[in-house]
Amino acid sequence: MPDRPSNREPNVGGDPPRSRWSREQAAGIERTPETVAPIIYPPESTPAEDVHVWDTWLLRDRHGRVADLDGWRVVFSLTAPRDLLPGKRHDVAAIRYFYSRDGRRWHDGGPVFADDALGQRQWAGSALYDDGDVYLYYTAAGTEGAAELTYTQRLVGASGGTVTTTGSSLSIDGLWTHHELLRPDGEWYETESQSRGMIYTFRDPWFYEDPETGEVCLLFEANAPVPEGSDRCGGDDGLQEFNGAVGVAVSPSGDPMEWELRPPILESVCTNQELERPHVVYRDGRYYLFVSSHMHTFAPGLEGYDALYGFVADSLGGPYRPLNDSGLVVTNPHNAPFQAYSWMAFPHREEILVESFFNYFDFAGDSLDEIAHLSEREQRRRFGGTLGPTIRLAVDGDRTRVLGTLDHWHIPTSNESLPDFDVDDPAGAVP
Ligand code: FRU
């Protein structure tokens, strides 16, 4: 492993004041021109006609830069056959990869793993390219070999991936070894049996090397245990089961397959149950922590949206304060409230770009439950199942602003300059 820079002491896992996303902060969530993405229309084509694509992540190097493999870049996506009902995709999810030279035209590389991956199906993660090796982090959902579908979640790392490129193609192969990395400990991170409400979460591992301290971290989505009879949330049972957390593990040796749990860096107990796909963008000496969350995972008494939420701190361990006061960074327009989900932010020059998948469109209902009552044909017709337009975000300290969008699947190369933005004609967003 390369030596770690050590400008400062490790920051994660000491005893930082645990940051909280409070009900008071979340009560300020409101659509504004700065936070609403433009409406999405179906694209003409998708690189994967036979599969639905949702959660997607970039192959990045240790420094968080998009990996350049002889001019190619790679994304990994959760995928499921297109003829399934969209709601069933989580039960059969498998990871595929796509590669591109220009960041616009993508080629389907196929499934990454044969049938040796852990879990009954694989959920989201991240990918690291280091010294010619590919490491894939994912969530093993369900227990392999179990007869019934189960919801156990474990963080897994696969090592042994190699990349071969030619002038016209790229392939990721490997004799993968799947390492179970982490399970919830029941103290900082809720186990399945401790869970009191919705399905517990322990998933979405995201590799991150702190650029200031060199500390090697794995962020993940989790829940904080709140035992019955706790006085949290004023002792209100109905609020206590909304116990989202952003978890972290560290690798003291820097080995990408060896991790030790540390306390969460953010909690949303009494506020929200799911802080999904946590990831960090470092910018101007600040750490921007992003998560996706749903309208239906906010605790009673709060109104949030399916949206990208963000927090900022001066160090990776926190303390974090919500961006734009409430935490809301990007959401869908009110007339298409479920049009995108599972946002992933990454730096690009002066801006932050945000990729997400095209979810349910042509639907202005208040809840995704209403989708379930539509005919199967209508459910399929209204599900995008491909990447949405990439969103351009301006960031200034604790404030962010949606500037506009690039095309579906347009993930610019690092040296690509984006068109100047006409400040008098922002985004076309409909708050
Ligand atoms: C977000 C998410 C992830 C999970 C995946 C499962 O869209 O809930 O947290 O890994 O979907 O499909």
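Cut-offs used in this document
Residues numbered from 1 in each chain as written. Predicted model: local features only at pLDDT ≥ 70, side-chain atom pairs only at ≥ 80, totals over all residues. Heavy atoms only, no water. Salt bridge = Lys/Arg side-chain N within 4 Å of Asp/Glu carboxyl O. Helix = DSSP H or I, 4+ residues; strand = E, 2+ residues; numbered from the N terminus. Pairing = 2+ DSSP bridges. Near = heavy atom within 4 Å. Polar contact = N/O pair within 3.5 Å; in protein donor to acceptor, adjacent residues only side chain to side chain. Areas by Shrake-Rupley, 256 points an atom, 1.4 Å probe, with all protein chains shown as cover. 1 Å grid on protein atoms, 1.4 Å probe; cavity = no way out; pocket = protein on both sides within 12 Å on 5 of 7 lines; lining within 4 Å. Sits in = over half its atoms within 2 Å of the grid points. Nonpolar A, V, L, I, M, F, W, Y, C, P; charged D, E, K, R; others polar.

K.L.:
Explain the pattern of salt bridges here, please?
P.N.:
For the structure shown, the criterion picks out 24 salt bridges. Here Arg 154 and Glu 180 are joined by a salt bridge, their closest N and O atoms 3.1 Å apart. Separated by 26 residues along the polypeptide, Arg 154 in strand E8 (residues 153-165) and Glu 180 in strand E9 (residues 170-182) bring together distant segments of the chain. Note that Arg 232 is salt-bridged to Glu 267, the shortest N-O span being 3.1 Å.

K.L.:
Help me out: how do you make sense of the sheet that holds strand E12 (residues 243-250) in this one?
P.N.:
Each strand in a sheet pairs with another by means of backbone hydrogen bonds, the pair being arranged parallel or else antiparallel. Spatial ordering of the open sheet is given by E1-E13-E12-E11-E10, a layout of 5 strands whose pairing is mixed. Only two strands of the sheet have a single neighbouring strand rather than two, namely strand E1 (19-20) and strand E10 (202-209). Both E12 and strand E13 (residues 260-269) contribute to a ladder of 7 bridges, which runs antiparallel. Along E13, the bridge assignment pairs Val 248 with Arg 262.

K.L.:
Explain the site of the ligand to me, please; I cannot follow it from the model alone.
P.N.:
Near the ligand you find Trp 54, Asp 55, Leu 78, His 90, Trp 123, Ala 124, Arg 203, Asp 204, Glu 221, Glu 276, Tyr 341 and Ser 342, and these make up its full shell. At a separation of 2.6 Å, an oxygen atom of the ligand approaches a polar side-chain atom of His 90. Within the side chain of Glu 221, one N or O atom sits 3.4 Å away from an oxygen atom of the ligand. In isolation the ligand has 310 Å² of accessible area, and contact with the protein removes 94% of it. For the ligand, the cavity whose grid points lie within 2 Å of the majority of its atoms is the largest pocket. In terms of residue class, the shell around the ligand is made up of 5 nonpolar, 2 polar and 5 charged.

It is worth stressing that arrangement in space is one thing and function is another; only the former is reported here.
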